Amino acid sequence: MAQFDLTALPAGTAAANVTGAVLALFINKVGAAGTVNISVANGAWTELAVNGNNSPAAGAAVASGISVPTARAGTYLYVDATTAVRNWLNGTANSGFIVAPNDGTVNIAFDSKESTTTSHPATLTITLSSAGATGATGATGPTGATGTGLSGAAGATGATGATGATGAAGASAINFACSSTCSQFLLEILVPVGDVNNPDQIAKVNDASFTTTNGVIGVAGPPGAIPPPSFGPGGITYSAGQTVPVYTQGLVNCGFDNQVVAGDFVQASSFNNGYCHDVGSSFPATGQVIGIALSANGPGSFGAPFAQTILLYGGGAGARP
């Protein structure tokens, strides 16, 4: 269990001022791999009195079925707790968080602030937009005197410049039918159907899961200047049967579970399902490269890690055997 004092926030902070909140728990040991649930605690408790027999029941879910393999020992587990924090600021009783097993096999030890060896206390990072009230408009200053000057003579027309080099060809697009759900700015995978005698049933596309990028063929369009600055998918959502333009290169929205450096290669995260992972400036020896990060902690970010960052699909993308 973990509880945090929100009175440390600036006076007058409201739920609408919270743009994001991340709960971080340090995994000390993994005795047996499995899955866990994180919920808000549905009742008051004290640090010195609570135990396994009198702890409050789990309330609203924060994250469910989180996979914790043995390889996660010695790393942080990050969870989006934005909704819980906003509810507390709206008046719901703040009884903190409770972590419970989701199956009968998981055996995990988390660090607390009292740990005498590693000492990684649980943290709750909250990002605010603005908590202060808008100040009054200042008085208008006096209008300055209008200047008067003589118009200069028109200059001679300059020579025509040399013709510039032909630009690179833009990214090509192919229209596919959407298999289930296809989202603008997200990677698309090929979904073979297998009926070669029916041209409409040879292959379709669907949003890729970053836990497996096999079959990624492009980005759902149409392309924009930048993807929407929001956490998760944004833009147009295509449903089953609708026509989706798939581009071989373009900007992609992706949440990262580690620090992002612009220009680094990007792969699917092997630690957190549905997220990307910065693998550094050198091309990795194994695995499929999704693209190249274009910014560090980009639009929609509420603090690294788990920054919403833009990457360029097709920029250095590929795989080595």
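Residues numbered from 1 in each chain as written. Predicted model: local features only at pLDDT ≥ 70, side-chain atom pairs only at ≥ 80, totals over all residues. Heavy atoms only, no water.

1. Focus: the sheet that holds strand S3 (residues 58–68)
Argument step 1. The strand order across the open sheet formed by 3 strands is S3-S2-S5, and the pairing between neighbours is antiparallel. At either end of the open sheet lies a strand with only one pairing partner, and these are S3 and strand S5 (97–101). Going across the sheet, the axis of each strand differs from the next one's by a mean of 25°, ignoring polarity.
Argument step 2. In this sheet, S5 lies alongside strand S2 (residues 34–41) in antiparallel orientation, the contact comprising 5 bridges. Bridged to Ile 38 within S5 is Val 99. (Pairing = 2+ DSSP bridges. Helix = DSSP H or I, 4+ residues; strand = E, 2+ residues; numbered from the N terminus. Axes fitted to C-alpha atoms, helices over the stretch in contact; angles between N-to-C directions.)

2. What about the sheet that holds strand S14 (residues 243–247)?
Argument step 1. Reading across the sheet, the 5 strands line up as S8-S14-S12-S10-S11 and stay open at both edges, with antiparallel pairing between neighbours. Two strands close off the open sheet at either side, each with one partner strand: strand S8 (173–177) and strand S11 (203–207). Within the sheet, the average angular offset between the axes of one strand and its neighbour, ignoring direction, is 50°.
Argument step 2. Across 5 bridges, the pairing between strand S10 (residues 187–192) and S11 is antiparallel.

3. Here's the deal with the side chain of Ser 39
Argument step 1. Locating Ser 39 in the fold gives a position in strand S2.
Argument step 2. Looking at Ser 39, the relative accessible area reads 9%, which means it is buried.
Argument step 3. Look past the residues within four positions of Ser 39 in its chain and what remains in contact with it is Ala 58, Gly 59, Ala 60, Ala 61, Val 62, Gly 96, Phe 97 and Ile 98. (Buried < 20%, exposed > 50% of the residue type's maximum accessible area, 1.4 Å probe, protein only. Contact = heavy atoms within 4.5 Å.)

4. Quick word on the nonpolar core
Argument step 1. Counting residues in each nonpolar core, the largest one holds 27 residues, and the members touching the most others are Leu 23, Ile 38, Val 62, Phe 97 and Leu 124.
Argument step 2. Mapped by element, the contributors of at least two residues to this core are strand S1 (18–32), S2, S3, strand S4 (75–80) and helix H1 (82–89).
Argument step 3. The dominant element in this core, judged by the number of residues it contributes, is S1, at 6 residues.
Argument step 4. Filtering out sequence-adjacent residues up to four positions away, Val 62 remains in contact with Ile 38, Ser 39, Val 40, Val 79, Asp 80, Ala 81, Ala 84 and Phe 97.
Argument step 5. Within the second largest apolar cluster, 13 residues are counted, among which are Ile 189, Phe 256, Val 260 and Cys 276. (Core = buried A, V, L, I, M, F, W, Y, C linked by side-chain atoms within 4.5 Å.)

5. Some points on the confidence of the model for the chain
Do not read the predicted coordinates in detail wherever pLDDT is low.
Argument step 1. Across the chain, the average pLDDT comes to 79, with 79% of residues at or above 70.
Argument step 2. Taken as a whole, residues 299–308 scores under 50 in pLDDT and shows 39 contacts with residues more than four places along the chain or in a different chain. (pLDDT = per-residue confidence, 0-100.)

6. A short note on the packing of aromatic side chains
Argument step 1. Evaluated as defined, the whole model comprises 5 aromatic pairs.
Argument step 2. Ring centres of Phe 4 and Phe 97 lie 6.2 Å apart, and the angle between their planes is 65°; this geometry places the pair in the edge-to-face category. Taken together, the residues Phe 4 in the segment before S1 and Phe 97 in strand S5 connect sequence positions 93 residues apart. An identical accessibility class is assigned to Phe 4 and Phe 97; each is buried.
Argument step 3. Between the aromatic rings of Phe 26 and Tyr 76, the centroid separation amounts to 5.1 Å while the plane-to-plane angle is 75°, which identifies the pairing as edge-to-face. Residue Phe 26 is found in strand S1, and its partner Tyr 76 is found in strand S4; the two are separated by 50 residues along the sequence.
Argument step 4. Residue Phe 26 is classed as buried on the basis of its relative accessible area, which comes to 8%.
Argument step 5. Linked through ring pairs, Phe 4, Trp 88 and Phe 97 together constitute an aromatic cluster. (Phe/Tyr/Trp six-rings, centres within 6.5 Å; stacked < 30°, edge-to-face > 60°.)

7. Notes on the state of the cysteines
Argument step 1. Tallying each qualifying case throughout the model produces 1 disulfide.
Argument step 2. For Cys 178, the disulfide goes to Cys 182, at an S-S distance of 2.3 Å. For the disulfide bridge between Cys 178 and Cys 182, the dihedral angle about the S-S bond is near 105°, and by the sign convention the bridge is right-handed.
Argument step 3. Overall, Cys 178 belongs to the buried group, its relative accessible area being 0%. (Disulfide = S-S within 2.5 Å.)

8. Considering H1
Argument step 1. Listed in full, the buried residues belonging to H1 are Thr 82, Ala 84, Val 85 and Trp 88. The buried residues of H1 occupy an angular sector of 165° when the element is viewed end-on, so they sit on one face.
Argument step 2. Looking at the buried side of H1, the elements it contacts are S1, S2, S3, S4, S5 and strand S7 (123–128).
Argument step 3. Looking one or two residues beyond H1, the residue adopting positive phi is Gly 91, at roughly 120°. (Arc of directions from axis to C-beta.)

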